[in-house]
Amino acid sequence: IVMADGIRTFLSVRGVSLRSLKIDHATGVSVMQFGALCPNLEHLNLWNNEYLTNEELSDIASNIPLELKPFSSLVELNILNNLVSNKFGIADRELAYVLQHGINLHSIKFQSLENLTDSLLETTLDENPLTQLSSLSLVACNYVTMDSLWKILKMPNDLNQLILHDCKEIHRKDFTKIQKY
């Protein structure tokens, strides 16, 4: 499925009424467009899609009216990529956009996101402290360290579930520190 060949058309007609959206194996995907076309989304699930690059997103970002408050109703965000090939992963600009605007996020699940870094998380937490967050799952997110996880753990939120699996920068000694916390 190609975003331009039907998904965008469907969402421009029905997006306002959608509360849940799941997109699998599509090309030309833009999370920013989902925010603009589906301002009332509560659940967004993306699996193995080919996303637009940062360069391709310039026009889209400048055309989204902020009064729409994109992703302000979002409570669940799952972005999962194939562990084998992550070459078309979500652009850091889009990842930051959805996290910064998802002020009611309760659950976040990310798998194999190369653009999820400490720097991106710090910027996100400055804009949106994720005060509603109750569940965070990171699988094979290899550029996140304990530095940013400590910030999330120490922030005033409802976090009661933390799943960390196969993240190369998080080590066994870190789990011991988390358990003591």
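Refer to the structure presented above.
Residues numbered from 1 in each chain as written. Predicted model: local features only at pLDDT ≥ 70, side-chain atom pairs only at ≥ 80, totals over all residues. Heavy atoms only, no water.

Participant: I'm lost on the pattern of salt bridges in this one. Help?
Facilitator: One side chain can pair with another of opposite charge once the charged atoms of both are near each other. Counted by the stated rule, this structure contains three salt bridges. Salt-bridge contacts for lysine 22 lead to aspartate 24; the nearest nitrogen and oxygen are separated by 4.0 Å. The exposed category is assigned to lysine 22, whose relative accessible area is 58%. We note a salt bridge from lysine 151 to glutamate 122, for which the minimum N-O separation is 3.1 Å. Of this pair, lysine 151 sits in helix α6 (residues 146-154) while glutamate 122 sits in helix α5 (residues 118-127), and the two are 29 residues apart along the sequence. With relative accessibility at 37%, the residue lysine 151 sits in the partly exposed group. (Salt bridge = Lys/Arg side-chain N within 4 Å of Asp/Glu carboxyl O. Buried < 20%, exposed > 50% of the residue type's maximum accessible area, 1.4 Å probe, protein only. Helix = DSSP H or I, 4+ residues; strand = E, 2+ residues; numbered from the N terminus.)

Participant: Explain the sheet that holds strand β6 (residues 107-111) here, please?
Facilitator: The strands making up a sheet are joined through hydrogen bonds of the backbone, oriented either antiparallel or parallel. On the basis of which strands lie adjacent, the open sheet formed by six strands has the order β1-β3-β5-β6-β7-β8 and parallel pairing. Where the open sheet ends on each side, the last strands, each with one partner, are β1 (20-24) and β8 (161-165). Across the sheet, the mean angle from the axis of one strand to that of its neighbour is 0°, orientation sign disregarded. Pairing geometry for strand β5 (residues 76-80) and β6, over five bridges, is parallel. From the neighbouring strand, glutamate 76 faces β6, where its bridge partner is serine 107. (Pairing = 2+ DSSP bridges. Axes fitted to C-alpha atoms, helices over the stretch in contact; angles between N-to-C directions.)

Participant: Teacher, can you tell me more about the packing of aromatic side chains here?
Facilitator: Aromatic ring pairs: the centre-centre distance and the angle between the two ring planes describe each pair. Scanning all chains against the criterion turns up one aromatic pair. Judged by centre distance (6.3 Å) and plane angle (80°), the ring pair of phenylalanine 71 and tyrosine 97 falls under edge-to-face. Separated by 26 residues along the polypeptide, phenylalanine 71 in the loop between α3 (58-62) and β5 and tyrosine 97 in helix α4 (residues 92-101) bring together distant segments of the chain. Pair check on accessibility: phenylalanine 71 and tyrosine 97 agree, each one buried. (Phe/Tyr/Trp six-rings, centres within 6.5 Å; stacked < 30°, edge-to-face > 60°.)

Participant: It is not clear to me how the packing of α5 against α6 should be interpreted in this structure. Could you clarify?
Facilitator: Each packed pair of helices is defined by two parameters, the angle between the axes and the distance between the axes. With their axes 9 Å apart at the nearest point, α5 and α6 run at an angle of 25° to one another. The pairing of α5 with α6 is recorded here as roughly parallel in orientation. Considering the relative orientation of α5 and α6, their crossing is left-handed. Taken together, the residues of α6 that come into contact with α5 (itself represented by Asp118, Leu121, Glu122 and Leu125) are Asp147, Ser148, Lys151 and Ile152. A breakdown of the residues in the contact of α5 with α6 according to their chemical character gives three nonpolar, one polar and four charged. (Parallel < 35°, antiparallel > 145°, perpendicular 65-115°, else oblique. Left-handed = near helix turned anticlockwise from the far one by under 90°. Contact = heavy atoms within 4.5 Å. Nonpolar A, V, L, I, M, F, W, Y, C, P; charged D, E, K, R; others polar.)

Participant: Whenever I open this one, the environment of leucine 149 confuses me. Can you help?
Facilitator: Inspection of the secondary structure assignment puts leucine 149 in helix α6. Overall, the relative accessible area of 1% leaves leucine 149 in the buried class. When the C-alpha atoms of leucine 149 and leucine 121 are compared, they prove to be 8.9 Å apart, with 28 residues separating the residues in sequence. With sequence-adjacent residues up to four places away left out, leucine 149 is seen in contact with Leu136, Leu138, Val144, Leu164 and Ile170.

Participant: Would you explain unusual backbone geometry in this entry?
Facilitator: Most peptide bonds take the trans configuration, and most residues that are not glycine carry a negative phi. One non-glycine residue, histidine 25, lies in positive phi territory at about 55°. Checked against the element boundaries, histidine 25 lands in the loop between β1 and β2 (27-29). One non-glycine residue, asparagine 48, lies in positive phi territory at about 50°. For asparagine 48, the position within the fold is in the loop between β3 (43-47) and β4 (50-51). By relative accessible area, which is 16% here, asparagine 48 ends up buried.

Interpretation note: all reported values are geometric properties and have no functional meaning in isolation.
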